[in-house]
Structures are given as structure tokens and as C-alpha cells.
Amino acid sequence: MIVRCFLFKHTPKLAILAFVLLATACSTNVFHNETVHLKNNEWKSTDTLFYSFDSKDTLATYDFYFEIRNTTDYDMQNLYLFITAYYPGNTFSRDTAECILAAPDGKWYGKGMGKHKDNRFLFRKGVKFRKSGNHIIAVNQAMRKETLKGIADVGILIKKQEK
């Protein structure tokens, strides 16, 4: 009797929750997601982070994101990255990205409570992989400090665009 009353009373809420979970689970389109954890939340200028993935679809387009987890110990507003992409056929490209982690008044952007803040930055929209095969992304911090304190994780997220 108690179970039936609970289900009857909460059926609309449970149905909405189920719909939301199904809708979001089916539309992620994540092609590749990889994160590197930085020991002791420190990133030295000599530390290169590597991400590797295989791509077979040369017709699809993708959105490329960086995911940064910093702590409130990070003492700067932004984070510059040097990105080197190595493609099949021994070619590569280099680029620089700026990730703004805090407002000018010092308030942290991103999600999270307490000491950690998670941010996602769109780096490139509509990327096509010209050749199938193994791709490697190398990332270095490009700040003017030898060691950054307060950067906990750096990840890449590549999502396939919906047609």
C-alpha cells in the first residue's frame, strides 16, 4: 500500500526525470574525452601533456574543447596553452589558446564548490580530420612562470557535431 501511494504520487516526477536522463544520454556525441591529472596540482613549463586518438571519419565535423580544473590556489586570472597537433602523414600545426579562469575582480568562473573549479573552453568549432589515422595533441602551459600551482587537471573533449 505504501509503495503504491509513493509511485502514484511521484509518477509524473519520475517520468520527467527518466525523459531528461534519456534525452541527455542520447545526445552527447562525445568522440574523444581524455584528462591528464597533474601531480600535486603543479604544472611545470617543461611538462608536456599528450592526448592520442584515432580518427576514421574524414567527412564529419567536430568541436574541440579544453577542460581545465583549477584550485583556488591558482594565483592568476588566465592560463595560456601552447598546442601542437600531430597528424597522420608526419604533419603538424601549432597554436596558442587563452583560458580565462577568473573575472577581473578575482571571482572564479566555472562549476564546482569549495576549492576546485571546472571550466570548459571551446577551442575550435567545425574541425575536420583530413586524414584518417592516429592524431596526437601535445599541450604545454605557456605562462611566464616555471611552475604553475593550482592546476589540477587538463583535458580535451572532442564532440561530433550533429547534422
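Our subject is the structure that appears above.
Heads up: these notes are all about the structure in this document. None of these values were measured; they are calculated from a predicted model.

### Describing the sheet that holds strand 4 (residues 62–71)
Argument step 1. Strands sit in the order 1-10-4-7 across an open sheet of four strands; the sheet is antiparallel. The open sheet terminates on both sides in strands that have one partner only, identified here as strand 1 (30–37) and strand 7 (116–127). Averaged over all pairs of adjacent strands, the angle between their axes in this sheet comes to 15°, without regard to strand direction.
Argument step 2. Relative to strand 7, strand 4 is paired through nine bridges, and the arrangement is antiparallel. Bridge pairing in strand 7 places Thr71 opposite His116.

### Considering the pattern of salt bridges
Argument step 1. Within the structure shown, the criterion is met by eight salt bridges.
Argument step 2. Between Glu67 and Arg120 there is a salt bridge, with the nearest N and O atoms lying 2.7 Å from each other. A residue pair is termed long-range when its members are at least 10 positions apart, and Glu67 in strand 4 and Arg120 in strand 7 qualify at 53 residues.
Argument step 3. For the salt bridge of Arg124 with Asp95, the shortest nitrogen-to-oxygen distance reads 2.0 Å. Note that Arg124 is positioned in strand 7 and Asp95 in strand 6 (residues 91–100), a separation of 29 residues in sequence.
Argument step 4. Taking relative accessible area as the criterion, Asp95 reaches 28% and is therefore assigned partly exposed.

### Brief notes about the environment of Thr91
Argument step 1. Note that Thr91 resides in strand 6.
Argument step 2. Looking at Thr91, the relative accessible area reads 40%, which means it is partly exposed.
Argument step 3. Apart from the residues within four sequence positions on either side, Thr91 is in contact with Ala85 and Tyr86.

Each value, and the rule that gives it
- Residues numbered from 1 in each chain as written.
- Predicted model: local features only at pLDDT ≥ 70, side-chain atom pairs only at ≥ 80, totals over all residues.
- Heavy atoms only, no water.
- Pairing = 2+ DSSP bridges.
- Helix = DSSP H or I, 4+ residues; strand = E, 2+ residues; numbered from the N terminus.
- Axes fitted to C-alpha atoms, helices over the stretch in contact; angles between N-to-C directions.
- Salt bridge = Lys/Arg side-chain N within 4 Å of Asp/Glu carboxyl O.
- Buried < 20%, exposed > 50% of the residue type's maximum accessible area, 1.4 Å probe, protein only.
- Contact = heavy atoms within 4.5 Å.

So, to be careful, I would describe these as geometric facts and stop short of saying anything about function.
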